[in-house]
Amino acid sequence: MIVTPQKDAVATAADALRAGKLVILPTETVYGLGADASNPEAVAAIFEAKGRPRFNPLIAHVADSAAAEKVAIFDDRSRALAEAFWPGPLTIVAPIKNRFAVCDLARAGLDSVAIRVPGHAKAREVIAAFGGAVVAPSANRSGRPSPTTYADAVEETGLATGAAIDGGPCAVGVESTVVSVLGGQVALLRPGSVTRRELEEIVGPLAERAEEGHRSPGRMALHYAPDAPVRINVEQPAEGELLLGFGEGVGDPRWSLSPTGNLREAAANLFRLLREADRTHPKGIAVTPVPNDGLGEAINDRLKRAAGFVG
Ligand code: TXA
Ligand code: MG
């Protein structure tokens, strides 16, 4: 018998990307569904696999800042943000420099591009082995909670992929913070684990409201939603509702976002618990109040959308 050495998972994933296939990519925030950013057919396959209602712009993931600067135009502030938070859970929207590296479909025809260097080493290894930018939305089907474990990612979109990488449970658990650095303004488009305060320490006060051009076109009202209806800021659950608690002595510890009231732990547990709660087929899922400071802004943002209204 001839034994051929098994190609390692990273090389297999890079080959799949080169062949225009989709790949389940672990990141520190949530699992992504990755494709070659320069290949419109591969990018179209992402929208198809997710069942996205329209072509929202995607985040281009690159291996390091040098690669990012080949794709997008950086100024002093975007460079300072990249230096402070990359690799890590910050996405920077900046003017596009190389329209072929991240194709029109991936940018939804915009003149800007969302870009990040993920903190998860496996993600960077795959991207480096591939050699180009990898667009990756969260690996869930459209509107559902983002997968934060390998098993959840495979369950959501695994059938559509040519390769999948197990990177363990996601340490952060909510999607990256998205900021735009366009036309002399820095605006927060999506709260995440890099907090408003941390951003302001680097670039000063953020723009009050995201103006035209700074909008995040992909943010829908009903998003991150399990099948059961979600109610938030609930003190007392209704009959048949499963209560997700936060903090000491609030609800059943098995269903607690964080029994000690730790926001990092709550973020990391959020989507997994929404999924697990859903699997018990409750009449509804009720979530107790989560403080809105720091990482709480991102948690409450996701909860509001899971409950069906925009913040
Ligand atoms: O943590 C994350 O960011 C994960 C992991 C896989 O990296 N990815 C993720 O991608 O959450 P996605 O596609 O679910 O979210 C991308 C967000 C959307 O809200 C989209 O509207 C915004 O980024 N976005 C992308 N390009 C943009 C652009 N040119 N201008 C404004 N917003 C943009
Ligand atoms: Mg998503």
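Right, let's walk through the structure included here. For every chain, the first residue of the written sequence is number 1, and numbering continues from 1 onward in sequence order. The lettering of chains begins at A and the numbering of ligands begins at 1, in the order of writing. Where local features are concerned, this predicted model is filtered to residues with pLDDT of at least 70; where side-chain atom pairs are given and counted, the filter is 80 or more; whole-chain, interface and lining totals use all residues. Only hydrogens and water are removed before side-chain values are computed, so all heavy atoms of the structure are retained for them.

Turning to the packing of aromatic side chains, a few remarks are in order. Aromatic contacts are taken between Phe, Tyr and Trp rings whose centres are within 6.5 Å, Trp giving its six-membered ring; a plane angle under 30 degrees counts as stacked, one over 60 as edge-to-face, and the others as tilted. Tallied over the full model, the rule gives two aromatic pairs. Here the aromatic rings of Tyr31 and Tyr150 are separated by 6.3 Å at their centres, their planes lie at 55°, and the arrangement is tilted. Of this pair, Tyr31 sits in the loop between strand 1 (23-25) and strand 2 (32-36) while Tyr150 is found in helix 7 (residues 150-157), placing the two residues 119 residues apart along the sequence. Working definition: with a 1.4 Å probe on protein chains only, accessible area under 20% of the residue-type maximum means buried, over 50% means exposed, and in between means partly exposed. In this structure Tyr31 comes out as buried when scored by relative accessible area, which is 0%. Residue Tyr150 is classed as partly exposed on the basis of its relative accessible area, which comes to 27%. One residue, Arg254, lies across the ring of Trp255, its end atom 4.1 Å from the ring centre. Helix numbers and strand numbers start at the N terminus; a helix is a DSSP run of H or I with at least 4 residues, a strand a run of E with at least 2. Note on criteria: charge over ring means Lys NZ or Arg CZ within 6 Å of the ring centre, with the direction from the centre no more than 35 degrees off the ring normal.

This part takes up empty space enclosed by the protein. The distinction between a cavity and a pocket rests on a 1 Å grid over the protein atoms alone: a 1.4 Å probe fits inside a cavity but cannot get out, while a pocket stays open yet meets protein on both sides within 12 Å along at least five of seven lines, and a residue with an atom within 4 Å of a point counts as lining. Grid points are joined across faces, edges and corners, and a volume is the space filled by probe spheres set on the points. Going through the model one piece at a time under the given rule, you end up with two cavities of 30 Å³ or more. In this structure, the second largest cavity is lined by Leu188, Pro191, Gly192, Val194, Thr195, Arg196, Gly294 and Glu297. Residues belonging to the lining of the second largest cavity are distributed by class as follows: three nonpolar, three polar and two charged. All amino acids are sorted into three groups, where Ala, Val, Leu, Ile, Met, Phe, Trp, Tyr, Cys and Pro are nonpolar, Asp, Glu, Lys and Arg are charged, and the leftover types, Gly among them, are polar.

To get an axis, fit a line to the C-alpha atoms, keeping to the stretch in contact for a helix; angles then go from 0 to 180 degrees between the N-to-C directions. Following both chains from N to C, one finds helix 4 (residues 76-85) and helix 8 (residues 196-203) inclined at 125°, their axes separated by 9 Å at the closest point. Classified by the interaxial angle, the pair formed by helix 4 and helix 8 is oblique. Crossing of helix 4 against helix 8: the hand is right-handed. For the pair helix 4 and helix 8, contact is made by Arg77, Ala80, Leu81, Ala84 and Phe85 and by Glu198, Leu199, Ile202 and Val203, respectively. We call two directions roughly parallel when the angle between them is under 35 degrees, roughly antiparallel when it is over 145, roughly perpendicular when it lies between 65 and 115, and oblique otherwise. Helix crossings fall into two classes, left-handed where the near helix is turned counterclockwise from the far one by less than a right angle and right-handed where it is turned clockwise. For this analysis, residues touch if any pair of their heavy atoms sits within 4.5 Å.

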